[in-house]
Amino acid sequence: MNALERTLGLIKPDAVQAGHIGKILDHILMRGFRIVGMRMLRLSRTAAENFYFMHRGRPFFESLIDFITSGPLVAFVLEREGAVHAYRELMGATDPAKAAPGTLRALFGTNVERNAVHGSDSPESARREIAFFFSEMELMFPLVEQKIPAEL
Ligand code: DAT
Ligand code: MG
């Protein structure tokens, strides 16, 4: 049985620019993820270099930093049973051309750099990346515990 987990997701500047925020969030919600925090922001170069520190020195690093800082992105924390793996599955492969049909990158990505979405690759990465974008205070208690009021 999968434990309840949280993962960090991004809608990258290409997908924001293309007007795909709503459709991407719909796919995520329909797969049973709960959004426990969300914000729109534009990363500084320093922040982007810190977020992607593990790719420093790779040939695509400078281009990746240019792209991820090119406009606003949407950052969110998702909660679900097995959220880290389940969200990676929903995203599809890094290269949209190799992503399975129906995945977010197959649907909304353009190429290996402009690939529409990010998702943490392990529970350890998720903890680091969630803390990068959100303070504990900003994250709601699990929505699974919440009830919609019968009357307002
Ligand atoms: P993922 O985003 O699937 O976790 P990653 O962590 O290997 O992939 O790389 C982070 C981002 O860097 C990826 O979303 C897009 C970019 N990237 C990776 N490999 C690349 C390549 N060969 N050429 C251009 N950009 C690349
Ligand atoms: Mg990665």
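It should be noted that the structure appears before, not after, this text.
Residues numbered from 1 in each chain as written. Chains lettered and ligands numbered in written order. Predicted model: local features only at pLDDT ≥ 70, side-chain atom pairs only at ≥ 80, totals over all residues. Heavy atoms only, no water.

Asks: Give me the overall build of the protein: which residues, what numbers.
Replies: Along the protein, the regular secondary structure elements total 7 helices and 4 strands. Taken over C-alpha atoms, the radius of gyration comes to 15 Å for the protein, in line with the 15 Å a tight globule of 152 residues would show. Across the 152 residues that make up the protein, the buried fraction comes to 44%. Of the contacts made within the protein by residues no fewer than 6 positions apart, 76% connect residues no fewer than 24 positions apart. Roughly 8500 Å² of accessible area belongs to the protein as shown, and the carbon and sulfur atoms make up 56% of that amount. Positive and negative charge centroids in the protein, built from 18 and 18 side chains respectively, lie 3 Å apart. (Helix = DSSP H or I, 4+ residues; strand = E, 2+ residues; numbered from the N terminus. Rg over C-alpha atoms; globule rule 2.2 N^0.38 Å. Buried < 20%, exposed > 50% of the residue type's maximum accessible area, 1.4 Å probe, protein only. Contact = heavy atoms within 4.5 Å. Areas by Shrake-Rupley, 256 points an atom, 1.4 Å probe, with all protein chains shown as cover. Lys, Arg positive; Asp, Glu negative; His and termini not counted. Charge placed at Lys NZ, Arg CZ, Asp CG, Glu CD.)

Asks: Tell me about the pairing of strand β1 (residues 4-11), and name the residues and values.
Replies: By the bridge criterion, 8 bridges tie β1 to strand β3 (residues 73-81) in an arrangement that is antiparallel. For Arg 6, the partnering residue across the bridge sits in β3 and is Glu 79. Sheet topology places β1 next to strand β4 (residues 117-119); 3 bridges connect them, and they run antiparallel. Pairing of Leu 10 across the sheet is with His 118, part of β4. (Pairing = 2+ DSSP bridges.)

Asks: Now, about the site of ligand 1: what can you tell me, with residues and values included?
Replies: In the neighbourhood of ligand 1, the contacting residues comprise Lys 12, His 55, Phe 60, Leu 64, Arg 88, Thr 94, Arg 105, Val 112 and Asn 115. A distance of 2.5 Å separates an oxygen atom of ligand 1 from a polar atom in the side chain of Thr 94. Residue Asn 115 places a side-chain N or O atom 2.9 Å away from an oxygen atom belonging to ligand 1. Here ligand 1, which alone exposes 510 Å², has 75% of that area covered by the protein. (Near = heavy atom within 4 Å. Polar contact = N/O pair within 3.5 Å; in protein donor to acceptor, adjacent residues only side chain to side chain.)

Asks: Before we move on, can you summarise the pattern of salt bridges with the specific residues and values?
Replies: If you walk through the whole model with that rule in mind, you get 6 salt bridges. Note that Glu 79 is salt-bridged to Arg 6, the shortest N-O span being 3.0 Å. One end of the pair, Glu 79, is in strand β3; the other, Arg 6, is in strand β1, with 73 residues separating them in the sequence. Salt-bridge contacts for Arg 127 lead to Glu 124; the nearest nitrogen and oxygen are separated by 3.7 Å. Remark: Glu 124 and Arg 127 occur in helix α7 (residues 123-133); sequence separation between them is 3 residues, near one turn of the helix. Looking at Glu 124, the relative accessible area reads 52%, which means it is exposed. (Salt bridge = Lys/Arg side-chain N within 4 Å of Asp/Glu carboxyl O.)

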